[in-house]
Amino acid sequence: MTDFSAVSPQRLVVFLTELGRCATSAELVRQAAELVAEEFDAEVGLVMSSDGVLAGVGFGSADLPTDLLQSIPSGVALVSIPGIGRCHTMTAACAAFPSGRIVAGRVSARYTSSDRDLLLGMAGVLDLATRSIRALERERARHRALEILLALQRSISHRAPLAKILASVTEGASSVMRGCPVALVLDDALDPTRPVHVGAAVETLVDPVSIPVHVQGVTAGHLLAGSQDGTPLGEEDRALLSTFAEHASLALTDARTVEAMKEAFHDPLTGLPNRPLFLDRLKAALDKRDPNPLAVLFVDLDRFKDVNDTMGHAAGDELLLQVAERIRATTRTESSAARFGGDEFALVVEYGSEPGIVLQVAERVIAAVAKPFTVRGKTVLIGATVGIAFSGHGRDASELLADADLAMYRAKRAGGGRSATFESKMRDELTSRLGLASDLTGALSRDELSVEFQPIFDLTTGRPIAVEALLRWHHPVRGIVAPSELIPIAESTGLIVPVGRWVLEQACHWASRWRESLPDLKVSVNASVHQLREPGFAEDVVAAITRAGLPPLALIMEVTESALIADHDGTIETLEKLEKAGITIALDDFGTGYSALSYLHKLPLDILKIDRSFVSGGQGEQGDQLVRTIIDLGKVYGLEVVAEGIEDEAQLQRLIQAGCTLGQGYFLSRPAIPEGLIEKLEHLDQGHEVLTELESHVGQPRGGFGSTIDEAAWEERPGY
Ligand code: C2E
Ligand code: MG
Ligand code: MG
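Everything numeric here is computed off the predicted structure, so don't read it as measured data.

Participant: Residue-level account of the overall build of the protein, with values.
Facilitator: Each helix and strand counted, the protein has 26 helices and 25 strands in total. A buried classification covers 47% of the 720 residues belonging to the protein. When contacts within the protein are restricted to residue pairs at least 6 apart in sequence, those whose partners lie at least 24 apart make up 65%. Surface exposure of the protein reaches about 33400 Å², of which carbon and sulfur atoms provide 53%.

See the structure below:
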């Protein structure tokens, strides 16, 4: 112990006070070197240990002449220091560091004996201050580690999701180890070539320290830490890492079986990696030092929900298993597949120098899923829509996935069963769609909505028998927004309910006026499944026609197949109520959905509207055969059949020859605003204009057309 009695205690108290302000040991030695130089009016102040110069003042930005400084003898001496000159040096040992010393060096004058005593005193004070700050630092780190470990123990005992606990193990270890990168690698029982991986990318770790992790006593993987700034990890770090590895073992053992581990990162149904694992692998692939160019494929099944709704969830699961198998089979080693739940799958494809591979994989997936499946002895046809996003442009894993999702949405909207590649303008479209949704909120009150009417004709007489009400939105900036864009927005925001009610009112209002001169004219109104689900919908419809003074048979409600697929939300009951009230029900866009022929007759239906994709003739002989099948079907079940979207004379003739008696389409009449429509309808009702030629076709023999229902042709509908 140094004897401070010979030294002015005041100076030492000042020294101690100054050092006491320092928060870390690094700051402390720097401050000590400065105070030594200041106290003795010295050019040089140093704190040194066997490790080298811990802090030195007096050298500006020049490199420290470390070797020379280390060779300064103890006691007092005269040393030539480059850049400063001949210096009187004075050295005092400091026990805080191995071979610790503090040194003052000045050019001007020798030191007195009280100078030497003061320096000895300062060395003692520095020793004291260093010990206490170290104790404090250790205490702080221990406290922090303790806090993190306690939180970890809490989440283990609360059985937090395993994936989350394991992520906190790597994050916690890293934070108590001064931010050193930490990774947890667990052997994957399912796929030994691809270990489950949490935290930092293993290949980026420098000089890693590795501690085994156990599940029920058996090594199941390793917790690894790399050094942060080149300084190798010491014993203390290893001890900390071991504690965290023990916690990982505890959590894994607590999850008891490797099964649970698999569950944390795999979809339990298909065994494919789940979203967290997929994202993690994607992140690792993107973070590689020299990443391979890659693409993310987001796969969404078409019409899966219909299967689930009609055949039940167990059958849906069976189908998903088969789909997963086919998707897995389309990928090579460089791709990896995942299931995100529901009917969503994803793939990563590393394509090296051949981006064309990506589209090929997408095509393979689409083709594989389009082939018929057999579920519980029944043939099931579904499809797949794929969104593709290529890496690059600084997109991270989750952004890339969101881009692929957006591209998938786009491909879905274009009809599904195809792929689309992400383009940045899709993001703008998303923004604009969100904007439209908020604009639509006020559209009714701002008088931007209107209704057009398109006549439906009796093809045998050429007379209009009904008009279909079609919604229009005149957006103040965008102009006319097509129903194909507008209706999904209205449905997703719930605005379809008030908007639909308004369309119905308009339709009833105009129909009651037109029926003054054309008393048999009916009005056809489209109803979304969202409206049918609204409690009291049937009663509202009846009230609306009553208010307008219309008889129920003047109204046709058009619904789509999706409304009929699932009865669990009471839509069929609503339709039955409407039918009981005397309202006619039409099934719109027939042939595009999943309706099984066998249950059509069980539904409250009066009319089938053949979707225009079958009327256009674009599907060749197969399409024609389907049209004939639908017409025959109508006869068997006592349903009227309307052909939609007749665009030219050839189509019209084919339909008439197939025995179709009702039709609608641009060739006959386009949708028109209600004002002035009655004059046109009256004119048409005279049998003039549109169909002068029709009579010549009516009654012709249906040469070569079969009249039995070809169920096989039906089940193989194109695009089905
Ligand atoms: P939809 O009910 O099948 O109506 C027929 C659609 O085909 C209308 O499109 C009509 O303009 C169009 N169309 C008619 N003839 C032809 C033709 O010869 N060629 C072609 N290419 N198209 C023809 P629009 O008005 O764009 O409506 C699209 C869909 O939006 C409708 O299909 C219907 O599902 C829905 N929609 C329209 N208005 C409403 C509404 O008030 N409520 C609900 N829920 N849906 C509506
Ligand atoms: Mg319709
Ligand atoms: Mg339609």
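Participant: I'd like a rundown of the coordination of the magnesium ion (ligand 3), residues and numbers included.
Facilitator: Listed as protein donors to the magnesium ion (ligand 3) are Asp588 (OD), Asp589 (OD), Glu644 (OE) and Glu644 (OE); their distances from the metal cover 2.0 to 2.5 Å. Separating the magnesium ion (ligand 3) from the magnesium ion (ligand 2) is a gap of 4.2 Å, bridged by Asp588, which donates to each.

Participant: Pulling in residues and values, what's your account of the sheet that holds strand β3 (residues 75-81)?
Facilitator: Either a parallel or an antiparallel arrangement is found when strands of a sheet pair, and the pairing is made through backbone hydrogen bonds. A sheet is described by the order of its strands in space; here 5 strands give the open sequence β2-β1-β5-β4-β3, paired in antiparallel fashion. The sheet terminates laterally at β2 (52-57) and β3, the two strands that pair on one side only. Neighbouring strand axes in the sheet, compared pairwise and without regard to direction, differ in orientation by 25° on average. Strands in contact with helix α4 (residues 113-157) are β1 (44-49), β3, β4 (85-93) and β5 (101-106); relative to β4, the strand with the most contacts, it is inclined by about 55°.

Participant: Lay out the nonpolar core in plain terms, naming residues and giving numbers.
Facilitator: One finds Phe453, Leu555, Met557, Val559, Leu578, Leu605 and Leu608 to be the most contacted residues of the largest nonpolar core, which totals 81 residues. Per-element accounting of this core gives the leading share, 11 residues, to helix α15 (residues 496-514). Setting aside its immediate chain neighbours within four residues, Leu555 contacts Leu504, Val523, Val525, Val541, Ile545, Ile583 and Thr584. Among the nonpolar cores identified, the runner-up in size contains 36 residues, and Ala145, Leu149, Val198 and Val209 belong to it.

Participant: Residue-level account of the site of ligand 1, with values.
Facilitator: Surveying the vicinity of ligand 1 reveals 24 residues, the closest of which are Arg472, Asn526, Asp588, Glu647 and Tyr666. With respect to ligand 1, the side chain of Glu468 contributes an N or O atom lying 2.9 Å from an oxygen atom. A distance of 3.1 Å separates a nitrogen atom of ligand 1 from a polar atom in the backbone of Leu471. For ligand 1, whose unbound accessible area comes to 790 Å², protein coverage reaches 84%. Secondary structure elements with two or more residues in the shell around ligand 1: β18 (463-475), α14 (483-493), α15 and β22 (584-590). Examining the composition of the shell around ligand 1, we find that 4 residues originate from one element, β18, more than from any other. Split into classes, the residues belonging to the shell around ligand 1 amount to 10 nonpolar, 6 polar and 8 charged.

Participant: Describe the pairing of β2, listing the residues and the values that go with them.
Facilitator: Relative to β2, β1 runs antiparallel, the two sharing 5 bridges. Pairing of Ser49 across the sheet is with Gly52, part of β2.

Participant: Tell me about the sheet that holds strand β8 (residues 209-215), and name the residues and values.
Facilitator: Read across the open sheet, the 4 strands follow the order β7-β6-β9-β8; overall the sheet is antiparallel. This sheet does not close on itself; its edge strands, each paired only once, are β7 (196-199) and β8. Here the average twist between neighbouring strands, direction ignored, is 20°. Bridge count for β8 against strand β9 (residues 218-225) is 7 bridges, and the pairing is antiparallel. Counted as the bridge partner of Ser210 is Leu224 from β9. Together, β6 (182-186), β8 and β9 form the strand contacts of helix α6 (residues 235-254), whose direction differs from that of β8 by roughly 20°.

Calculation notes
- Residues numbered from 1 in each chain as written.
- Chains lettered and ligands numbered in written order.
- Predicted model: local features only at pLDDT ≥ 70, side-chain atom pairs only at ≥ 80, totals over all residues.
- Heavy atoms only, no water.
- Helix = DSSP H or I, 4+ residues; strand = E, 2+ residues; numbered from the N terminus.
- Buried < 20%, exposed > 50% of the residue type's maximum accessible area, 1.4 Å probe, protein only.
- Contact = heavy atoms within 4.5 Å.
- Areas by Shrake-Rupley, 256 points an atom, 1.4 Å probe, with all protein chains shown as cover.
- Donors = N, O, S within 2.8 Å, 3.2 Å for Na, K, Ca; no water.
- Pairing = 2+ DSSP bridges.
- Axes fitted to C-alpha atoms, helices over the stretch in contact; angles between N-to-C directions.
- Core = buried A, V, L, I, M, F, W, Y, C linked by side-chain atoms within 4.5 Å.
- Near = heavy atom within 4 Å.
- Polar contact = N/O pair within 3.5 Å; in protein donor to acceptor, adjacent residues only side chain to side chain.
- Nonpolar A, V, L, I, M, F, W, Y, C, P; charged D, E, K, R; others polar.

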